[in-house]
Amino acid sequence: THEMSGQIVLNNTKGLQFIGNTIQHMDSCGIHVYNGTRDTLIQGNTFFDLTGAAVLSGHWVETSIPNQEICTNTIVANNVIRNTGTDFMAATAIDNLGHYGFQVLHNDVADSQYMGIHQRIYAPNLKAAAGQGGSVISFNRVSLANVGQRYASRMALTYTLMVSGPTVSSKATTSTISTAP
């Protein structure tokens, strides 16, 4: 596949909370909200030195999973994310690949090899595929994204492609200053 699974993989879960953890030095992404997860909270964590994304939601469109279901209602808030994607060229700090109700709020993101926050919602083979979208991306600080420049040198800090449904993106703060966690 085109994705790197997480060290923590959520599959058909409900109501899990990850609060105040440090996830570091992983040779994959931190938390992968993978298939059929509902009502997940990822808040107040520190993600550092990860090969893949800090948080990866859903899965790449070409990935086939038996009995796959859309993920719903994940909140990624108040996290500090540093140094992601050093060894995996498509690693975005926070990546949404097909989800409903994905909220990215008040995160501090820096030193990402690719984009800081990415959404690419196109998974027509999912049950309820028309229900994708409903994202909120607000009040995030993103700096030093695309530092590896493995793709084009003008990639956005936050990038959204083919998102359907009501989606809000607002109040982003960007900077060139980076501090260690």
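Parameters and conventions
Residues numbered from 1 in each chain as written. Predicted model: local features only at pLDDT ≥ 70, side-chain atom pairs only at ≥ 80, totals over all residues. Heavy atoms only, no water. Helix = DSSP H or I, 4+ residues; strand = E, 2+ residues; numbered from the N terminus. Contact = heavy atoms within 4.5 Å. Polar contact = N/O pair within 3.5 Å; in protein donor to acceptor, adjacent residues only side chain to side chain. Core = buried A, V, L, I, M, F, W, Y, C linked by side-chain atoms within 4.5 Å. Buried < 20%, exposed > 50% of the residue type's maximum accessible area, 1.4 Å probe, protein only. Salt bridge = Lys/Arg side-chain N within 4 Å of Asp/Glu carboxyl O.

Caption draft 1: Quick look at the environment of T74. Following the sequence through the fold, T74 ends up in strand 8 (residues 71-77). Sequence spacing of T74 and F102 is 28 residues, and the spatial spacing of their C-alpha atoms is 5.0 Å. If we ignore the near neighbours within four places in the chain, the residues touching T74 are V33, T37, T40, I42, H99, G101, F102 and Q103. A distance of 3.2 Å separates the side chain of T74 from the side chain of H99, its partner in a polar contact.

Caption draft 2: Spotlight on the nonpolar core. By size, the foremost hydrophobic cluster in this structure holds 22 residues, and its most contacted members are I31, I42, F47, I81 and I94. Counting only elements with at least two residues in this core, the list comes to strand 4 (29-35), strand 6 (46-50), strand 8, strand 11 (99-105) and strand 15 (141-145). For I94, the residues in contact, after removing those within four places along its chain, are V55, V76, I81, F102, V104, N107, V109, G116, I117 and H118.

Caption draft 3: Examining unusual backbone geometry more closely. Its identity is not glycine, yet D49 carries a phi of approximately 60°, on the positive side. Relative accessible area serves as the criterion here: at 27%, D49 is assigned to the partly exposed category. A positive phi angle, close to 55°, is found at F139, a residue other than glycine. The class for F139 is partly exposed, based on a relative accessible area of 42%.

Caption draft 4: View of the environment of D111. Note that D111 resides in strand 12 (residues 108-112). You can call D111 partly exposed: its relative accessible area is 22%.

Caption draft 5: Broad picture of the pattern of salt bridges. Enumeration according to the criterion identifies three salt bridges in this entry. The closest approach of N and O atoms between D108 and R82, which form a salt bridge, is 3.3 Å. Linking D108 in strand 12 with R82 in strand 9 (residues 80-84), this pair joins segments that are 26 residues apart in sequence. A relative accessible area of 22% places D108 in the partly exposed class. The shortest N-O distance in the salt bridge between D108 and R141 comes to 2.5 Å. Within this pair, whereas D108 is found in strand 12, its partner R141 is found in strand 15, the two being separated by 33 residues in sequence.

Caption draft 6: Here's a closer look at the side chain of S57. Within the secondary structure, S57 sits in strand 7 (residues 55-58). Exposure remark for S57: the relative accessible area of 0% places this residue in the buried category. A polar contact is formed between the side chain of S57 and the side chain of H99, at a distance of 2.5 Å. In contact with S57, not counting residues within four places along its chain, are V33, D95, N96, L97, G98, H99 and F102.

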